[in-house]
Amino acid sequence: MAVHSPAFVGLLDALELPDTYSAVVPALSHLGPKRLVPERMRQIAEKGTRLIVIRSTGMSAFPTRSGHAKPHHHPGGA
């Protein structure tokens, strides 16, 4: 399974920069094929950073810095 595309490796490198807080993606599909998304989310959390997803598509929880799932709430109560 090809988990490390050049673009994703670049993202992981950027997340190692000092004072980096998070990565922001429009949707989880921007992390790659569905089968790779959970592993890539784990790798991002492993860096000690957050993944901020603008549009959720059915996944109701995202890993936090601790690696535990946290419910995702949409702004405005939606």
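Placed above this text is the structure.
Residues numbered from 1 in each chain as written. Predicted model: local features only at pLDDT ≥ 70, side-chain atom pairs only at ≥ 80, totals over all residues. Heavy atoms only, no water.

J.: Would you mind going over the overall build of the protein chain with me for this structure?
T.: If you tally the helices and strands in the protein chain, you get 2 helices and 4 strands. For the protein chain, the α and β elements follow one another from N to C terminus as α-β-α-β-β-β. Counting only residues that meet the buried cut, the protein chain has 27% of its 78 residues in that class. Sequence-distant contacts, at least 24 apart, represent 53% of the contacts inside the protein chain between residues at least 6 apart. Carbon together with sulfur atoms contributes 60% to the accessible area of the protein chain, which is approximately 5200 Å² in total. (Helix = DSSP H or I, 4+ residues; strand = E, 2+ residues; numbered from the N terminus. Buried < 20%, exposed > 50% of the residue type's maximum accessible area, 1.4 Å probe, protein only. Contact = heavy atoms within 4.5 Å. Areas by Shrake-Rupley, 256 points an atom, 1.4 Å probe, with all protein chains shown as cover.)

J.: How do you make sense of the packing of aromatic side chains when you look at a structure like this?
T.: Any pair of aromatic rings gets described here by the distance separating the centres and the angle formed by the planes. According to the stated counting rule, one finds 0 aromatic pairs in the structure shown. Stacked on the ring of Phe8, the Lys or Arg Arg40 has its end atom at 4.8 Å from the ring centre. (Phe/Tyr/Trp six-rings, centres within 6.5 Å; stacked < 30°, edge-to-face > 60°. Lys NZ or Arg CZ within 6 Å of the ring centre and 35° of its normal.)

J.: Would you explain the pattern of salt bridges in this entry?
T.: Side chains carrying opposite charge are able to pair once their charged atoms draw close together. In total, this model carries 3 salt bridges according to the counting rule given. Notably, a salt bridge pairs Glu16 with Lys47, separated by 2.4 Å at the nearest N-O pair. Residue Glu16 is found in the loop between helix H1 (6-15) and strand S1 (22-27), and its partner Lys47 is found in the loop between helix H2 (37-46) and strand S2 (50-55); the two are separated by 31 residues along the sequence. Residues joined by salt bridges that share partners form a network here, namely Glu39, Arg42 and Glu46. (Salt bridge = Lys/Arg side-chain N within 4 Å of Asp/Glu carboxyl O.)

J.: Got a minute to help me understand the packing of H1 against H2 in this structure?
T.: In helix packing, the relevant descriptors are the interaxial angle and the interaxial distance, both defined with respect to the helix axes. At a minimum axis separation of 10 Å, H1 and H2 run at an interaxial angle of 20°. On the basis of the axis angle, H1 is roughly parallel to H2. Where H1 crosses over H2, the two elements pack in a sense that is right-handed. Listed contacts from H2 to Phe8, Leu11, Leu12 and Leu15 of H1 are Arg40, Gln43 and Ile44. (Axes fitted to C-alpha atoms, helices over the stretch in contact; angles between N-to-C directions. Parallel < 35°, antiparallel > 145°, perpendicular 65-115°, else oblique. Left-handed = near helix turned anticlockwise from the far one by under 90°.)

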